[in-house]
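# Structural overview for review
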Amino acid sequence: MRFDVITLFPELFEPFLASGVTRRAFQSKQVDVHLWNPRDFAEGNYHRVDDRPFGGGPGMVMMAEPLAQCLAAIRGERGDGAPVLLFSPVGARLDHAGVEQWAAGSGAILVCGRYEGVDQRFIDRHVQVQVSLGDFVLSGGEIAAMALLDAVARLQPGVLGDEDSHQFDSFNPALDGLLDCPHYTRPEEWEGRKAPPELLSGHHAQIERWRRDRRLEATARLRPDLVAAARAAGRLSAADEAVLAKLAPGSS
Ligand code: SAH
């Protein structure tokens, strides 16, 4: 899959693309990321990409034309009808289902806003979908783009060190859609706190049951909406329901 990223700060992506478990996905072009700077498509000696907002007020607005020229160059190279996604606080909040959709597709063109945002006429003309990271305001769309690329890359087959270890992560509907269980590693005792004996037992079925119970417990306490969704989707067994029934009333 191919993602083209339109950003005034392509250098922000360099350490991201070269680090961590997702690096192989990017370097092998399993997730092929191309960076584009609208400044390279701006007119004049100053390669101006922003201007003052009509109607006054603080800040600057990204001009439509350099973005449109940049997009045209990307379209020329890609030769497909890839969707244009703009990161914006007005967009739909990114979640696991959204990430899975992007991870299963053939890519997209990601537009990172800066300043007060992007001239609305560019959005109306060229943007198909707007995506938000949450109800807060970033200085630019780059961190949101990296969040999406990272989440998409780790879902690609073989990217995580342990084959498909992402299937046990939080929110995976193919498993149960619940939150993950707590994790422990050496030493067995740290600052007087012991790791759960079940995990040290070497007894596979016991370990699996312990993990399952902790997933249910944590999700019932922190995200009862996810328990309800798992139940509605038929992802809870009789044993799961028995565990939930024993928890404090009202917690599931
Ligand atoms: N004036 C805008 C904020 C602009 S912030 C408003 O109040 O809604 C500059 C850019 O950062 C935006 O164009 C967008 O690309 C990015 N951005 C800011 N907050 C974001 C969020 N929560 N999710 C995704 N992108 C965001």
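These numbers were taken from a predicted model, which means no experiment stands behind them.

### So, the site of the ligand
Inspection of the region around the ligand gives 19 residues, with Phe 87, Gly 113, Glu 116, Phe 136 and Leu 138 positioned closest. Separating a nitrogen atom of the ligand from a side-chain N or O atom of Ser 132 is a distance of 3.5 Å. A distance of 2.9 Å is found between a nitrogen atom of the ligand and a backbone nitrogen or oxygen belonging to Leu 138. Contact with the protein chains removes 84% of the 550 Å² of surface that the ligand exposes when unbound.

### Concerning unusual backbone geometry
With an omega of 5°, the peptide bond running from Arg 186 to Pro 187 counts as cis. Mapped onto the fold, Pro 187 is located in the loop between α6 (142-154) and β8 (189-190). Backbone geometry places Lys 29, a non-glycine residue, at a positive phi of 65°. Locating Lys 29 in the fold gives a position in the loop between α2 (23-27) and β2 (32-36). A positive phi angle, close to 60°, is found at Tyr 115, a residue other than glycine. Along the chain, Tyr 115 falls in the loop between β6 (107-111) and α5 (120-126).

### A look at the pattern of salt bridges
This model, assessed by the stated rule, comprises 20 salt bridges. Residue Arg 2 is joined to Glu 77 by a salt bridge in which the shortest nitrogen-to-oxygen separation is 2.7 Å. One end of the pair, Arg 2, is in strand β1 (residues 2-6); the other, Glu 77, is in helix α3 (residues 64-78), with 75 residues separating them in the sequence. The shortest N-O distance in the salt bridge between Glu 217 and Arg 214 comes to 3.0 Å. Taken together, the residues span about one helical turn, with Glu 217 and Arg 214 both in helix α8 (residues 204-222) at a distance of 3 residues. By sharing partners, the salt bridges in this structure join Asp 176, Asp 180, Arg 209, Arg 212, Asp 213, Arg 215 and Asp 240 into a single network.

Cut-offs and rules
- Numbering of residues starts from 1 in every chain and runs along the sequence as written.
- Only residues with pLDDT of 70 or above have their local features reported here, since the model is predicted, and side-chain atom pairs are shown and tallied only from 80 upward, although totals for entire chains, interfaces and linings are computed over all residues.
- Note that water and hydrogens are dropped before the side-chain values are worked out from all heavy atoms of the structure.
- Nearness is judged by heavy atoms alone; a residue qualifies as near a molecule or strand once a single heavy atom is within 4 Å of it.
- Any N or O atom pair separated by 3.5 Å or less is treated as a polar contact, with the protein-specific requirement of one donor-capable and one acceptor-capable atom, and with residues adjacent in sequence counted only for side-chain atom pairs.
- Every accessible area reported is derived by Shrake-Rupley at a probe size of 1.4 Å, with residue values counting cover from the shown protein chains alone.
- Secondary structure follows DSSP: runs of H or I at least 4 residues long count as helices, runs of E at least 2 residues long count as strands, and numbering of each begins at the N terminus.
- By convention in these notes, a salt bridge is any Lys or Arg side-chain nitrogen within 4 Å of a carboxyl oxygen on Asp or Glu.

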